[in-house]
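# Residue-level structural notes
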Amino acid sequence: MSAETEKLTPHPATGPVTEPTAQPESPPPQGQPQQASAEAGHNARGVEQEVSLAAPTEAGQPSSEPASEEEQAALANLDALIEQYPAPPLTPTQGETVSGRVVAITELGVLVDVGTKSEGMVPAQELLEFEGQLPFEVGQEIEVEPLGQEKEGYQLYSYIRARRRRAWQQVEQSYRKHTPLTGKVVDRIKGGLVVDVGIRAFLPASQVDLRPVRDLEAWKGEEITCRVLKLNRKRGNVVVSRRAVLEEEQNQRRAQLLESLSEGAVVRGRVKNITPYGVFVDLGGLDGLLHVTDLAWGRIAHPSEAVQLGEEIEVVVLKLDREKLRISLGRKQLLPDPWTTVPERFPIGSRARGRVISVTDYGAFVELEPGVEGLIHVSEMSWSRRTRHPSKIVSVGDTVEVAVLDVKPEQRRISLGLKQTMPDPWDSLEEKYPVGSTVTGRVRNLTDFGAFVEIEEGLEGLIHISDLSWTQKVRHPSEILKKGETVQAKVLKIDRDNRRLSLGLKQLNDLWASWFQQHKVNDMVRGKVTRATRFGVFVELAEGIEGLCHITEIEGRRGKKGELPTLRDGGPLPGGLEIGREYEFKIIKLNPDQHKIGLSYRAAVKQSERREIQEYRSSRSSPTATIGDAILSKREMSS
């Protein structure tokens, strides 16, 4: 290697070597230690090179002969000079992060002392994104990265690159070790938020909180703690989750809470959510359900009547399932049970006032006091036997007076009565409607056996089907009466013990009584044959009045063995009788109580024949006239 080539070879620490000097210079003045040291280093290396090149061999290789004393002395002086002036610090290379101290903040940028001969500068353009609020101040240590450029005599450094490099290191470490990061929400984008964790990271909307978040805009500017879910440094993509951090904290709190909880323990919690069936209470990492039936001893239509969202309440643990993480809570259990003294405060037979809180098909519930409710059954609402829906008698919110009928504190039941506080119409029934009196009422119901007539509220009577008509054969009450019709009836019988009232419709117009007064046995009456039976025929004597002419009274003939004759269906009637024609009959029997009239056609015929004979005799004035003469005379008259 030639001397010229050796002079251009750069030193690994100081760069290209300048022309060497024979002797080292004196120490540099104060204030310039670094420059003097560098120059001294250059001179020392030049001397070393000059000495090593002084005695070359013929082959071009250094001499192997031992150095002379002068050469050894020069080398000793050179070593002492090198030790006196240490090597200058190395200049940072591009891509390397170094630490520096902020010296000043100027319009051109931020001056940073990084330990080199001259100060470096972070250009002002790089700090525009901080909008005048720099994340550091004068005297603070910061990390920067050299850009390999100069401006105004200063080496340029990048604070953003160093910050970003450090941020990527933290993000990668967080991703590998599952440690949390702290960042600031800086923007709202489609599908989530942008979080500044040193670099821009994406926070999906589903990972913002434990529950869905509707207003993502409100999160801008918030400082949050999150965890890295996905990382792709090549593409610069980072996905973080705040929910993962919250779930981990929640699991830790749950584990601690489960260790401290036990059934029967009294704890405090915050009302987290209110539903129609109960309240969810946050006990500090674990939610418990406070059912609406365990909120208070009284009836509550909705849990919001007892608690408010966000309210802190004291509850007792009723049931704990550690495997399923389910906790049942109670609040009323911390209050005195009002049912313990109900028998003393509401004895059977007493009266009380309460508010109707619910109406059902089978009755109405009345709140006597908070936590104490009783049932008025539909049968205890009115003295009337006619079933009416409870909503027709009472309404929710009504204040009513009731009578206590039964108390079962072990079952938390009180039976109440409403009609017991009203006058019983059966107590004064005999005075108001004595037997034989005429009453007016409305037909409420028709059955196969009769019609129920309501005389007044709570008082009904029955008109039996047999008391609807004297003569008409009624198969169903609807043939005479209609539901809702107003009718008059006569009181026939009162059974106060069984609460039964018998009424009669046909008794209002008793045709039989006047007919029996006008007729007696052996009277001759004229009637029309209306129908025939196997034992006789029925004869209509007047409107609504019928009598029976037995077959033995039609003609007196009997069978050979002495049996009574009978009428055959569809056969001719004996004695020449025809249905629909009128004949004379003789009354042979009267029964006014049972409205029965016995008639005889045979006796009427005989009496008619005797009357005709008597008339003939009186007309002929012949005492010797016979029956034959009378018959002959009758034939003559008819011809």
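Let me sum up the structure you'll find in this document. From a predicted model like this one, the values you see are computed outputs, not experimental measurements. (Residues numbered from 1 in each chain as written. Predicted model: local features only at pLDDT ≥ 70, side-chain atom pairs only at ≥ 80, totals over all residues. Heavy atoms only, no water.)

This paragraph deals with the overall build of the chain. Within the chain, the secondary structure is distributed over 10 helices and 30 strands. The buried share of the chain, reckoned over its 639 residues, is 35%. Taking as baseline every contact in the chain between residues at least 6 positions apart, the subset at least 24 positions apart corresponds to 58%. About 39300 Å² of surface is accessible on the chain, with carbon and sulfur atoms providing 48% of the total. (Helix = DSSP H or I, 4+ residues; strand = E, 2+ residues; numbered from the N terminus. Buried < 20%, exposed > 50% of the residue type's maximum accessible area, 1.4 Å probe, protein only. Contact = heavy atoms within 4.5 Å. Areas by Shrake-Rupley, 256 points an atom, 1.4 Å probe, with all protein chains shown as cover.)

Tallying each qualifying case throughout the model produces 8 aromatic pairs. Centroid distance Tyr362 to Phe365: 6.3 Å. Interplanar angle 90 degrees. Geometry classified as edge-to-face. Overall, Tyr362 belongs to the partly exposed group, its relative accessible area being 42%. Take Phe365: its relative accessible area is 18%, and that puts it in the buried class. Taking 6.1 Å as the distance between ring centres and 85 degrees as the angle between the ring planes, the aromatic pair formed by Phe449 and Phe452 counts as edge-to-face. What makes Phe449 partly exposed here is its relative accessible area of 41%. Taken together, the ring pairs in this structure connect Tyr583, Phe585 and Tyr601 into an aromatic cluster. (Phe/Tyr/Trp six-rings, centres within 6.5 Å; stacked < 30°, edge-to-face > 60°.)

Taking 1.5 Å of rise per residue, the 18 residues of helix 5 (residues 243–260) would be expected to cover 26 Å, and the 25 Å separating its terminal C-alpha atoms lies within 8% of that figure. Of the positions making up helix 5, those classed as buried are Ala244, Val245, Leu246, Gln250, Leu257 and Leu258. The inward-facing, buried residues of helix 5 contact strand 9 (223–232), strand 10 (237–241) and strand 14 (312–321). (Expected span 1.5 Å × (residues − 1).)

An order of 1-2-3-5-4 is seen for the 5 strands of this closed barrel, with the pairing classed as mixed. Pairs of neighbouring strands in the sheet enclose a mean axial angle of 55 degrees, with direction left out of account. Contacting strand 3 (120–123), strand 4 (141–151) and strand 5 (154–158), helix 4 (residues 159–177) runs over the sheet at an angle of about 130 degrees to strand 4. (Pairing = 2+ DSSP bridges. Axes fitted to C-alpha atoms, helices over the stretch in contact; angles between N-to-C directions.)

Moving on: the pattern of salt bridges. The tally for this structure, following the rule as stated, stands at 24 salt bridges. Two residues, Arg242 and Asp209, come together in a salt bridge whose shortest N-O distance is 3.7 Å. Linking Arg242 in the loop between strand 10 and helix 5 with Asp209 in the loop between strand 8 (200–204) and strand 9, this pair joins segments that are 33 residues apart in sequence. The class for Arg242 is buried, based on a relative accessible area of 17%. A salt bridge links Arg444 to Glu454, with the shortest nitrogen-to-oxygen separation between them at 2.7 Å. (Salt bridge = Lys/Arg side-chain N within 4 Å of Asp/Glu carboxyl O.)

A word on helix 4. Between the first and last C-alpha of helix 4 there are 27 Å, a value that for 19 residues agrees with the 27 Å anticipated at 1.5 Å per step. Buried within helix 4 we find Tyr159, Ile160, Ala162, Ala167, Trp168, Val171, Glu172 and Ser174. Taken together, the buried residues of helix 4 touch strand 3, strand 4, strand 5, strand 6 (181–189), strand 9 and strand 10. Where helix 4 begins, the side chain of Ser158 points an oxygen toward the backbone nitrogen of Ile160, at a separation of 3.5 Å. Once helix 4 ends, the next one or two residues include His178, with phi positive near 60 degrees. (Polar contact = N/O pair within 3.5 Å; in protein donor to acceptor, adjacent residues only side chain to side chain.)

The next point concerns the side chain of Asp523. For Asp523, the position within the fold is in the loop between helix 8 (511–518) and strand 26 (524–533). Of the polar contacts made by the side chain of Asp523, one reaches the backbone nitrogen of Lys520; its length is 2.9 Å. Beyond its immediate chain neighbours, meaning those up to four positions away, Asp523 contacts Gln518, Phe585, Lys586 and Ile587.

Glancing now at the pairing of strand 28 (residues 545–550). Residues Ile545, Gly547 and Cys549 of strand 28 are buried on one face, while the alternating residues Glu546, Leu548 and His550, pointing to the opposite face, are not. With 6 bridges joining them, strand 27 (residues 536–542) and strand 28 adopt antiparallel strand pairing. Paired with Gly536 across the two strands is His550, which belongs to strand 28. Where strand 27 folds back on strand 28, the antiparallel hairpin that results is connected by 2 residues, among which Gly544 adopts a positive phi of roughly 85 degrees. As paired strands, strand 28 and strand 30 (residues 596–600) are joined by 2 bridges and run parallel to one another. Its bridge partner lying in strand 30, Leu548 is registered against Gly598.

Before going further, it helps to spend a moment on the nonpolar core. Judged by nonpolar contacts, the single largest core of 21 residues is most densely connected at Leu501 and Leu503. Secondary-structure elements contributing two or more residues to this core are strand 21 (438–446), strand 22 (450–456), strand 23 (459–464), strand 24 (486–495) and strand 25 (500–504). With 4 residues, the top contributor of residues to this core is strand 24. Not counting residues up to four positions away in its chain, the partners in contact with Leu501 are Trp426, Leu429, Ile455, Glu460, Gly461, Leu462, Val491, Lys493 and Ile494. Membership of the second largest hydrophobic core comes to 20 residues, among which are Leu257, Leu258, Val267 and Val317. (Core = buried A, V, L, I, M, F, W, Y, C linked by side-chain atoms within 4.5 Å.)

What follows deals with unusual backbone geometry. Backbone geometry at Arg499 places phi at a positive 55 degrees, although glycine is not the residue there. Inspection of the secondary structure puts Arg499 in the loop between strand 24 and strand 25. On the basis of relative accessibility, which here comes to 27%, the residue Arg499 falls in the partly exposed class. With a phi close to 80 degrees, Asn522 is a non-glycine residue in the positive phi region. When you line up the elements, Asn522 lands in the loop between helix 8 and strand 26.

All right, on to the pairing of strand 22 then. Within strand 22, 5 of the 7 residues are buried, leaving the element largely enclosed by the surrounding structure. The pairing of strand 21 with strand 22 spans 4 bridges and is classified as antiparallel. Opposite Asn445, over in strand 22, you have Phe452 as the bridge partner. Here strand 21 folds back onto strand 22, and the loop between the two strands holds 3 residues. Examined bridge by bridge, strand 22 and strand 23 share 6 bridges and lie antiparallel to one another. For Ala451, the partnering residue across the bridge sits in strand 23 and is Ile463. Once strand 22 ends, the chain turns through 2 residues before running back antiparallel as strand 23, passing Gly458 with a positive phi of about 85 degrees.

Keep in mind that these numbers describe shape and distance, not what the molecule does.
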